[in-house]
Amino acid sequence: MAEEVLILSPGKITSHLTSSLLAVAFLTSFGSSMLYGYNLAVVNSPAGYIKDFYNRTVVSRNGTGLNEEALTLMYSLTVSVFAIGGLIGSLMVGTLVTKFGRKGTVVNSSVLVFLAGSLMGFSRICASPEMLIIGRFITGIHSGISLSVVPMYLGEIAPKNLRGFLGLMPSIFICAGVFLAQILGLHELLGMEEHWPLFLSLVVVPTFIQLMLLPWFPESPRYLLIEKHNVHATITALKWYRAKCNIQAEIEEMQEEQRSLSSVETVSVWQLILDHTVRWQVLSVVVINIGMQLSGIDAIWFYTNDIFENAGIPAPEIQYTTVGTGAIEIVAGLIGCFTIERLGRRPLIIGGFGVMGMCCAGITLSLILQTHVPFMKYVSVGCVVGIIAGFCIGPAGVPFLITAELFKQSHRPAAYTVGGSLNWMSNFTIGFIFPFLQMSAGSYCYLVFCAICVSVAIYVYFVIPETKNKTFVEISQMFATKEAVEESQALTHPDQLKLKKMNGYGSLEFDSSSSCP
């Protein structure tokens, strides 16, 4: 039966969205990526209750309570330890995906969620702040792993014409996780003192659903063929994920990529950095992942309540207004997801960073003038919404997708390790330095984020090519040499690309035997 699939007539490597592809994208995003967004926002609502819990526990142990500075330090540790765990998780990605595979890593790492959920859920009963802090640390490790592995897995199982659509689904679920935490954190739901341990431990529910269903789906076909050399398993996996398409053409494209590699062994991070053939790809991953966090989005999320309060929104209604921004995030993410295959990667990421840069400048202007011009406080609210929408429509998800597309199989795990670790380090850095930046620069601090956003947009415009509807081999060739780029642009038909093995990434040559229709 497997062999029958291989005798289809030659054609383009394209496919329709199948139920299997959609199910895997939903399960991995729902059970892994969404938890990242949820854990980012889940500690905001019960902050006061958690501090009271810490203080009561210390009183019961020592007889005296904590002062305000010590309480703030303990709560800050509870929040920031998530990013430290995320950094450690991102550094483990390369080893895990090579040993367990893409799907295997997603499934095996779910044990971390159950462990963390148990620690956080029983922390109050056990009167142990340490359990809560350790639980947050473990959830960070899981998020650091899933933030890289899920886009890698979806990017490898998707046909090239659907890679952008499926690659942005995790970012939509990240926004959905933030929105869910905002909704459940309302006082009418779980935003009450007796419910905060349950609120924090609910992460186990989506992961349990994922664990029950995801193991029934196959591993990444590219991983099975290029790294495991299992042609039969590759064909079986492609039959799961494809409807009416030329499986033989897709397998030949994978084998072509395998032949073009100097070694099918997964390279280390150090080898990746020293490999001059991928230096522009590595630099691009560094720029877009650092820019993603240093764009100021975390600072905006942190100070949203203050900006809304300055705009005259009554304090009891601010929590509902914040929930409204969460809804805007989801809408913007959906717009990006459903337009990326039509518009391409470059317009979304350039446009997203461009909008964020303009809105950061707008916030600076509005904060300076709002004492003299009353309507400027509403401009600041509009700029907050613009920054959030601009981020979610492109910079929130496209960097992870591009990281998968810019590298071949042997280099991809190390690239995700580099991108993920830089992402988490930048996240921690901006959270640490922003209060000092605001104290020293005041309203002008947002101009720093404006400059970063504009710089990243300019870099993407001049350096990173459009990767829409291109194979991994073709994308690698676009970076190989200047001559290769000129040759690929000179061709009028994409099917005329022919790989010739010359070095680690090959070169492009024109197939004179082909003729355009």
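Above: the structure in question.
Basis of the calculations
- Residues numbered from 1 in each chain as written.
- Predicted model: local features only at pLDDT ≥ 70, side-chain atom pairs only at ≥ 80, totals over all residues.
- Heavy atoms only, no water.
- Helix = DSSP H or I, 4+ residues; strand = E, 2+ residues; numbered from the N terminus.
- Contact = heavy atoms within 4.5 Å.
- Phe/Tyr/Trp six-rings, centres within 6.5 Å; stacked < 30°, edge-to-face > 60°.
- Buried < 20%, exposed > 50% of the residue type's maximum accessible area, 1.4 Å probe, protein only.
- Lys NZ or Arg CZ within 6 Å of the ring centre and 35° of its normal.
- Salt bridge = Lys/Arg side-chain N within 4 Å of Asp/Glu carboxyl O.
- Core = buried A, V, L, I, M, F, W, Y, C linked by side-chain atoms within 4.5 Å.
- Domains from an automatic or database assignment.
- Axes fitted to C-alpha atoms, helices over the stretch in contact; angles between N-to-C directions.
- Parallel < 35°, antiparallel > 145°, perpendicular 65-115°, else oblique.
- Left-handed = near helix turned anticlockwise from the far one by under 90°.
- Nonpolar A, V, L, I, M, F, W, Y, C, P; charged D, E, K, R; others polar.
- Patch = residues over 30% accessible without salt bridge, like charges linked within 9 Å, V, L, I, M, F, W, Y side chains within 5 Å.
- Areas by Shrake-Rupley, 256 points an atom, 1.4 Å probe, with all protein chains shown as cover.
- Expected span 1.5 Å × (residues − 1).
- Arc of directions from axis to C-beta.
- Bend = angle between axes of the 7 residues up to and from the residue.
- Polar contact = N/O pair within 3.5 Å; in protein donor to acceptor, adjacent residues only side chain to side chain.

(A) Broad picture of the overall build of the protein chain. Looking only at helices and strands, one finds 25 helices and 2 strands in the protein chain. Relative to all contacts within the protein chain whose residues are 6 or more apart in sequence, the contacts with residues 24 or more apart total 81%.

(B) Broad picture of the packing of aromatic side chains. One pass over the structure, following the stated rule, counts 12 aromatic pairs. On the basis of an interplanar angle of 20° and a centroid distance of 6.2 Å, the ring pair of Tyr-36 and Phe-82 is categorised as stacked. Placement of the pair is Tyr-36 in helix α1 (residues 19-41) and Phe-82 in helix α3 (residues 68-100), with a sequence separation of 46 residues. Tyr-36 sits in the buried class, given a relative accessible area of 7%. On the basis of relative accessible area, Phe-82 is assigned to the buried category, the value being 3%. Centroid distance Tyr-461 to Phe-462: 5.0 Å. Interplanar angle 85°. Geometry classified as edge-to-face. Overall, Tyr-461 belongs to the partly exposed group, its relative accessible area being 49%. Joined through ring pairs, the aromatic side chains of Phe-26, Phe-30 and Phe-173 make up one cluster. Sitting above the plane of the Tyr-75 ring, Lys-51 keeps its charged end 5.3 Å from the centroid.

(C) Just the pattern of salt bridges, in detail. Summed over the entire model, instances satisfying the criterion amount to 8 salt bridges. One salt bridge connects Glu-227 with Arg-102, and the closest N-O pair in it is separated by 3.3 Å. Of this pair, Glu-227 sits in helix α11 (residues 221-227) while Arg-102 sits in helix α4 (residues 102-108), and the two are 125 residues apart along the sequence. The network of salt bridges with common partners includes Arg-102, Glu-156, Glu-227 and Arg-412.

(D) Seen up close, unusual backbone geometry. Non-glycine residue Ala-127 carries a positive phi angle of around 55°. Note on placement: Ala-127 falls in the loop between α5 (110-121) and α6 (129-157). Positive phi outside glycine occurs at His-229, with the angle close to 60°. Of note, His-229 is situated in the loop between α11 and α12 (231-241).

(E) Representation of the nonpolar core within the structure. Among the nonpolar cores identified, the biggest contains 90 residues, and Val-24, Leu-272, Ile-387, Phe-407 and Tyr-446 are the most heavily contacted of them. A domain split of this core shows at least three residues from each of domain 1 (18-263) and domain 2 (270-490). For Leu-272, the residues in contact, after removing those within four places along its chain, are Val-267, Val-278, Val-282, Phe-407, His-411, Ala-414, Ala-415 and Val-418. Formed by 28 residues, the second largest nonpolar core is a distinct cluster that contains Leu-35, Ile-50, Phe-53 and Tyr-75.

(F) Quick peek at the packing of helix α19 (residues 345-369) against helix α23 (residues 445-463). One can describe the packing of α19 onto α23 by two numbers: an axis separation of 8 Å at closest approach and a directional angle of 160°. For the element pair α19 / α23, the angle class is roughly antiparallel. Crossing geometry of α19 relative to α23 is assigned as left-handed. Note on element contacts: α23 touches α19 through Tyr-446, Leu-447, Phe-449, Cys-450, Cys-453, Val-456, Ala-457, Val-460 and Tyr-461, opposite Arg-346, Ile-349, Ile-350, Phe-353, Gly-354, Met-356, Gly-357, Cys-360, Ala-361, Ile-363, Thr-364 and Leu-367. Partitioning the contact of α19 with α23 into residue classes produces 17 nonpolar, 3 polar and 1 charged.

(G) Examining a nonpolar patch on the surface more closely. Together, Val-205, Phe-208, Ile-209, Met-212 and Leu-213 line one region of the surface with nonpolar side chains, adding up to about 430 Å² of accessible area. Note on placement: Met-212 falls in helix α10 (residues 204-213). The class for Met-212 is partly exposed, based on a relative accessible area of 43%.

(H) Up close: the packing of helix α18 (residues 315-343) against helix α20 (residues 376-393). For the pair α18 and α20, interaxial distance at closest approach is 7 Å and the crossing angle is 35°. Note that α18 runs across α20; the crossing there is right-handed. On the side of α18, the interface is formed by Thr-325, Ile-328, Glu-329, Ala-332, Gly-333, Ile-335 and Gly-336, while α20 contributes Val-385, Ile-388, Ala-389, Cys-392 and Ile-393.

(I) Broad picture of helix α2 (residues 47-62). Over its 16 residues, α2 extends 23 Å from the first C-alpha to the last, a length consistent with the 22 Å expected when each residue adds 1.5 Å. Along α2, the residues classified as buried are Ala-47, Ile-50, Phe-53, Tyr-54, Thr-57 and Val-58. Looking straight down α2, one finds its buried side chains confined to an arc of 125°; they lie on one side. In this structure, the buried side of α2 is in contact with α3, α6 and α9 (196-201). Where α2 ends, the next residue or the one after it, Gly-63, has phi of about 90°, a positive value.

(J) Focus on α18. Here α18 spans 41 Å end to end across 29 residues, near enough to the 42 Å set by a 1.5 Å rise per residue. The sharpest bend along α18 measures roughly 30° and falls at Cys-337. Every buried residue of α18 is accounted for by Ile-318, Thr-322, Val-323, Thr-325, Gly-326, Glu-329, Ile-330, Ala-332, Gly-333, Gly-336, Cys-337 and Ile-340. One or two positions beyond α18, positive phi appears at Gly-344, with a value near 100°.

(K) Local environment of the side chain of Ser-421. Among the structural elements, Ser-421 can be located in helix α22 (residues 412-441). Classification of Ser-421 as buried rests on a relative accessible area of 8%. A distance of 2.8 Å separates a polar side-chain atom of Ser-421 from the backbone oxygen of Thr-417. If we skip the residues at most four places from it in the chain, Ser-421 touches Leu-87, Ser-90 and Leu-91.

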